Amino acid sequence: MRIKLIQDIIDILRCKKTIMPKKINLKVPEECKENIFKLENGGILAFNYEIFNDIVNYNKSADVSLFYNKLDTWSLKDCFEERFNKQMSFLKDKFIPLVEANDTICDVGCASGEFTFEMAKYCREIDGYEMSQKMVDWANNYAKENNVLNAKFYQGMCESIDYQKQYDKMALMGVLTYVFEDSKAETAIKNIYNALKPGGYLIYKDNTNETENNFYFFGPSLDYKMIARSKKNILELFKKTGFEVVNEDIFHRLKFKNMTSNENEPVELISLGLILQKTI
Ligand SMILES: C[S@@+](CC[C@H](N)C(=O)[O-])C[C@H]1O[C@@H](n2cnc3c(N)ncnc32)[C@H](O)[C@@H]1O
């Protein structure tokens, strides 16, 4: 009992309890039941935005922003160490070699700066933009206390940031998975394209899938929702905007089974890493 309590406290401190709450059972309207996967963790997976929204509304859920806004910091390393190592290796092996000492970088959706502070070691200046004001404050404070003079953090939503300068390199890692409307995701990508200098590079990471459709996840907690876009569609969107893929990696794959039916094949979520270049 005592050991369990100590383990629980350690887990809470390491965020595990925040992102992996106990199983819950989302309520699903009768008319939506046939078109979703019920997941092992009590959450659901929908294949269309209307159905996903119906279920979200039916559960009167809080907005996803609350999940991250509750946290002072977010550390992929503390929550999913293996995934962190993959992302960090991709960043160090494929992106950092492109960075020059005089470069300015912008890290969009930077959380409390876990990857921003790493990139800061290799460039002249780095700006981090993040939705959660708490994390922005934490990161600015960390920079001050640790004498990191070239990193500054600002509050901003990736779909509406008014970038104040053009950057040599940019990062958008694990962010569009919380931007549900395709039109907003498209605007975010276009704005990043415009904020990059010609020939500049973007490092991108996100949840995707290998079908033609977007997958929408809701749960297990009522403030956790995400979208895994069709990889094909997201690649087309980057291409249409004017980006060229110069490097690609898969960080991990996760299979999801429908718990209420054996008829469907499991679907797979793919964490995709890309290095993209602004072609003109
Ligand atoms: C999974 S974390 C990724 C953090 C970091 N980039 C990384 O790769 O570890 C997602 C972050 O995106 C932020 N976020 C979610 N939606 C956003 C939006 N529309 N604009 C800016 N940041 C957003 C969240 O607050 C959270 O800090």
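Residues numbered from 1 in each chain as written. Predicted model: local features only at pLDDT ≥ 70, side-chain atom pairs only at ≥ 80, totals over all residues.

Visitor: Which residues make up the overall build of the chain, and what values go with them?
Guide: If you tally the helices and strands in the chain, you get 10 helices and 11 strands. Here the C-alpha radius of gyration of the chain, 19 Å, is about what a compact globule of 280 residues would show, namely 19 Å. Overall, the chain is about 55 × 50 × 30 Å in size when its C-alpha atoms are taken along their principal axes. At a minimum sequence separation of 6, the contacts of the chain that also span at least 24 residues come to 67%. (Helix = DSSP H or I, 4+ residues; strand = E, 2+ residues; numbered from the N terminus. Rg over C-alpha atoms; globule rule 2.2 N^0.38 Å. Contact = placed C-beta atoms within 7 Å.)

Visitor: Explain the site of the ligand to me, and be specific about the residues and the numbers.
Guide: Of all residues adjacent to the ligand, which total 20 residues, the nearest are Tyr68, Ala111, Met131, Met173 and Gly174. In the shell around the ligand, the residues fall into 14 nonpolar, 3 polar and 3 charged. (Near = placed C-beta within 6 Å. Nonpolar A, V, L, I, M, F, W, Y, C, P; charged D, E, K, R; others polar.)

Visitor: Can you lay out the environment of Phe47 for me, pointing to particular residues and giving the numbers?
Guide: Along the chain, Phe47 turns up in the loop between strand E2 (44-46) and helix H3 (49-58). Expressed as a C-alpha distance, the spacing of Phe47 and Asn35, which sit 12 residues apart in the sequence, is 7.4 Å. Among all residues touching Phe47, those that are not within four sequence positions of it are Asn35, Asn213 and Phe215.

Visitor: Run through the environment of Gly43, naming residues and quoting values.
Guide: By the element assignment, Gly43 lies in the loop between strand E1 (36-38) and E2. Residue classification places Gly43 among the buried positions, given that 23 C-beta atoms sit within 10 Å. For the pair Gly43 and Ser221, spaced 178 residues apart in sequence, the C-alpha separation works out to 7.8 Å. If we ignore the near neighbours within four places in the chain, the residues touching Gly43 are Leu26, Phe217, Phe218, Gly219 and Pro220. (Buried ≥ 20, exposed ≤ 12 C-beta atoms within 10 Å, placed from the backbone.)

Visitor: Can you tell me about the environment of Cys110, naming the residues and giving the values?
Guide: Note on placement: Cys110 falls in the loop between strand E3 (104-108) and helix H7 (114-120). Residue classification places Cys110 among the buried positions, given that 30 C-beta atoms sit within 10 Å. Sequence separation of Cys110 and Leu172 is 62 residues, and the distance between their C-alpha atoms is 7.9 Å. Ignoring any residue separated from it by four or fewer positions in sequence, one finds Cys110 in contact with Thr116, Gly128, Tyr129, Glu130 and Phe153.

Visitor: Describe the pairing of strand E9 (residues 225-230), listing the residues and the values that go with them.
Guide: Sheet faces and side chains relate simply in a regular strand, where the side chains alternate between the two faces. Two strands pair when backbone bridges link them, and strand E7 (residues 196-209) and E9 are joined in this way by 2 bridges, in the parallel orientation. Note on E9: the bridge partner recorded for Asn209 is Ser230. Between strand E8 (residues 215-218) and E9, which pair antiparallel and follow one another directly, the connecting turn spans 6 residues, one of which, Gly219, has a positive phi of 100°. (Pairing = 2+ DSSP bridges.)

Visitor: Give me the lowdown on the pairing of strand E5 (residues 151-155), citing residues and values where you can.
Guide: With 5 bridges connecting them, strand E4 (residues 125-130) and E5 associate as parallel partners. When the bridges of E5 are listed, Tyr129 appears paired with Tyr154.

Visitor: Explain the nonpolar core residue by residue, including any values.
Guide: The nonpolar side chains of a soluble globular protein tend to be buried with one another. Within the largest apolar cluster, 50 residues are counted, with the highest numbers of intra-cluster contacts made by Val108, Met170, Leu172, Ile192 and Leu202. Leaving out residues up to four positions away in the same chain, Ile192 has contacts with Val108, Met170, Leu172 and Leu202. Grouped together as the second largest cluster of nonpolar side chains are 18 residues, Ile36, Leu45, Phe215 and Phe218 included. (Core = buried A, V, L, I, M, F, W, Y, C linked by C-beta atoms within 7 Å.)

Visitor: So, H3: which residues are in play, and what are the values?
Guide: Listing the buried residues of H3 in full gives Ile51, Phe52, Ile55 and Val56. End-on view of H3: buried residues confined to an arc of 140°, all on one side of the axis. Among the exposed residues of H3, those pointing more than 90 degrees away from its buried face are Glu50 and Asn57. Residues of H3 that are buried in the fold lie against E1, E2, E8 and E9. After H3 finishes, the residue Lys60 shows a positive phi value of roughly 45°. (Arc of directions from axis to C-beta.)

Visitor: Any details on the packing of helix H9 (residues 182-195) against helix H10 (residues 231-241)? Residues and values, ideally.
Guide: For the pair H9 and H10, interaxial distance at closest approach is 10 Å and the crossing angle is 40°. One finds that H9 runs oblique with respect to H10. Handedness of the H9/H10 crossing: right-handed. Contacts from Glu186, Ile189, Lys190 and Tyr193 in H9 reach Leu237, Phe238 and Thr241 in H10. Across the contact of H9 with H10, the residue classes tally to 4 nonpolar, 1 polar and 2 charged. (Axes fitted to C-alpha atoms, helices over the stretch in contact; angles between N-to-C directions. Parallel < 35°, antiparallel > 145°, perpendicular 65-115°, else oblique. Left-handed = near helix turned anticlockwise from the far one by under 90°.)

Visitor: Go over unusual backbone geometry, please, and point to the residues and values.
Guide: Residues other than glycine predominantly adopt negative phi, and peptide bonds predominantly adopt the trans conformation. A cis geometry characterises the amide bond from Gly219 onward to Pro220, with omega recorded as 10°. Of note, Pro220 is situated in the loop between E8 and E9. Even without being a glycine, Ala111 presents a positive backbone phi close to 55°. Its place among the elements puts Ala111 in the loop between E3 and H7. Phi angles above zero are rare outside glycine, and Asn147 is one such case at about 60°. The residue Asn147 is located in the loop between helix H8 (133-145) and E5 in this model. Asn147 gets classed as exposed once you count the C-beta atoms within 10 Å, which come to 6.

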